[in-house]
Amino acid sequence: MFTCHAVRARLTPYLHGTLPLKVRRRVSAHLERCPHCHAAYVQQRQLMHELQRRLPPLGQPTQPQLARVWDGVQAEVRASQDKSPAVRMLRYRASYGLAALGLVALLLLPVVTQHDSASASAPLHTRPAAVAFATDWPPQPLTLYRTAASFRSRYGYNGTATPQAQAALTPAPAHRP
Amino acid sequence: MDSTPMQTGVTIAQAIAGDQTAYQQLYEQYAAGLYRLCYGLLLNRQDAEDVAQEAFVYAFKNLQRYDSSRAAFKTWLYTIAVSRCRNLYRRHRHPLLDLAQIFHLAAPCAETPEAAMAQRSAQDAVTRALGTLSPRLREALVLRYGHGLTYREIADMMGCPQKTAESRVRLAHERLRDLLQPALLEELYSVEFS
Ligand SMILES: [Zn+2]
């Protein structure tokens, strides 16, 4: 036979249906004949309904909030990707590329000036490969960053952004349907 | 919009492989729930936004560490968020709320018969009562009632045995029952049917 104390301690699991069948039956039996515990049970049940009703809508986010958090997530992930070993290696190579370019320019300077003095009407059309590589740096914004535009349009979020941010958020033409 | 664990697994694999839209899919699927969790624990919008962001950033940076054989992605993500929330309330403890204020806000006022007002008061009362609980009890209650999770899931997210999760929910229940006096509870309850 359960005491009142033992029953009170089991009211929540009783309400949640997590008690073993045997224990559940004993609690039920006690509740049927003890008005005090029954009153406590009714109270707990009301509280449970109240919590089931009030807690799920608590802190429901708005779409602008979700969009703001998403922007923050992207910015941070992007920043960390910039610091990743692969990207650092690319930067390392790019800085070497620039140094090599400078060296080539220095070496070519006397030749070019001589060439110019010899025939000023023949401009230099070709660009060393290193120049093309150097102007490709920094790389395109990550796709992860661009998808904020689709996120915004999907949720109709019209947050204000700087022109630079807007430019970065605009999908590349190739991605447009 | 719940996807199966299999679909989530595919999305995660795509994200790890570098598919950036997969990250967005994961975010869209879990962001609202995660934010709600953070708000329920911190009861502050700005803090909830910050922690939700931190949790996603951590998860996205460490996606390859996620082991689907050990936990559902949601469990993993929520565990990260709970741990971040704990760091935050360790840093600045939320002051205990004034009980008199709780009851003042909760008491449906005879001069304002609008049901909406009463509803709002009832919601405020429960929110404030939640704020008076210790963080561990609040976590248990929010995960159980706010997110309808099982005790097993709650235990995983809180990093405790299942029995502890159960007793925390029970203690939270008892604490709230003492806070929200019977008469008040009766009134709160009657709002539902008015
Ligand atoms: Zn009894």
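Treat the numbers as computed from the prediction; the structure is a model and nothing was measured.

Definitions and cut-offs
Residues numbered from 1 in each chain as written. Chains lettered and ligands numbered in written order. Predicted model: local features only at pLDDT ≥ 70, side-chain atom pairs only at ≥ 80, totals over all residues. Heavy atoms only, no water. Helix = DSSP H or I, 4+ residues; strand = E, 2+ residues; numbered from the N terminus. Buried < 20%, exposed > 50% of the residue type's maximum accessible area, 1.4 Å probe, protein only. Contact = heavy atoms within 4.5 Å. Areas by Shrake-Rupley, 256 points an atom, 1.4 Å probe, with all protein chains shown as cover. Donors = N, O, S within 2.8 Å, 3.2 Å for Na, K, Ca; no water. Tetrahedral: all angles 85-135°; square planar, octahedral: opposite > 155°, others 65-115°. pLDDT = per-residue confidence, 0-100. Phe/Tyr/Trp six-rings, centres within 6.5 Å; stacked < 30°, edge-to-face > 60°. Lys NZ or Arg CZ within 6 Å of the ring centre and 35° of its normal.

**Some details on the overall build of chain A**
The number of helices and strands found in chain A is nine helices and zero strands. Ordering the α and β elements of chain A from the N terminus gives α-α-α-α-α-α-α-α-α. Taken across its 177 residues, chain A has 32% of its residues classed as buried. In chain A, the proportion of contacts linking residues at least 24 apart, taken out of those at least 6 apart, comes to 65%. Counting only carbon and sulfur atoms, one obtains 62% of the accessible surface of chain A, whose full area is about 11,400 Å².

**Here we look at the coordination of the zinc ion**
All names here are of chain A. For the zinc ion, the protein coordination sphere consists of Cys 4 (SG), His 30 (NE2), Cys 34 (SG) and Cys 37 (SG), at 2.1 to 2.4 Å. One can describe the donor arrangement at the zinc ion as tetrahedral, given that its four donor atoms subtend angles of 101 to 114° at the metal. Sequence spacing among the residues donating to the zinc ion works out to C-x25-H-x3-C-x2-C. Classification of Cys 37 as buried rests on a relative accessible area of 0%.

**Quick look at the confidence of the model for chain A**
All names here are of chain A. Confidence along chain A averages 68 in pLDDT terms, with 47% of residues attaining 70 or more. In this model, residues 116-152 is a region of pLDDT below 50 whose contacts with residues beyond four sequence positions or in other chains number 57 contacts. Note on residues 154-177: pLDDT is under 50 here. Beyond four places in sequence and across chains, it has 22 contacts.

**Observations regarding the packing of aromatic side chains**
For the coordinates displayed, the defined rule picks out nine aromatic pairs over all chains. Look at Phe 73 of chain B and Trp 76 of chain B: their rings are 5.8 Å apart centre to centre, the planes differ by 40°, and that puts the pair in the tilted class. Taken as a pair, Phe 73 of chain B and Trp 76 of chain B lie in helix α4 (residues 73-91) at a separation of three residues, close to a single helical turn. Here Phe 73 of chain B falls in the buried class, since its relative accessible area comes to 4%. Through a chain of ring-to-ring contacts, the aromatic side chains of Trp 70 of chain A together with Tyr 23, Tyr 27, Phe 56 and Phe 60 of chain B assemble into a single cluster. Above the plane of the ring of Tyr 89 of chain B lies Arg 138 of chain B, whose end atom (NZ or CZ) is 6.0 Å from the centre. Above the ring of Tyr 151 of chain B, the side-chain terminus of Arg 144 of chain B is found at 4.5 Å from the ring centroid.

**Re the environment of Asp 50 of chain B**
Structurally, the position occupied by Asp 50 of chain B is in helix α3 (residues 45-61). When the C-alpha atoms of Asp 50 of chain B and Cys 38 of chain B are compared, they prove to be 9.1 Å apart, with 12 residues separating the residues in sequence.

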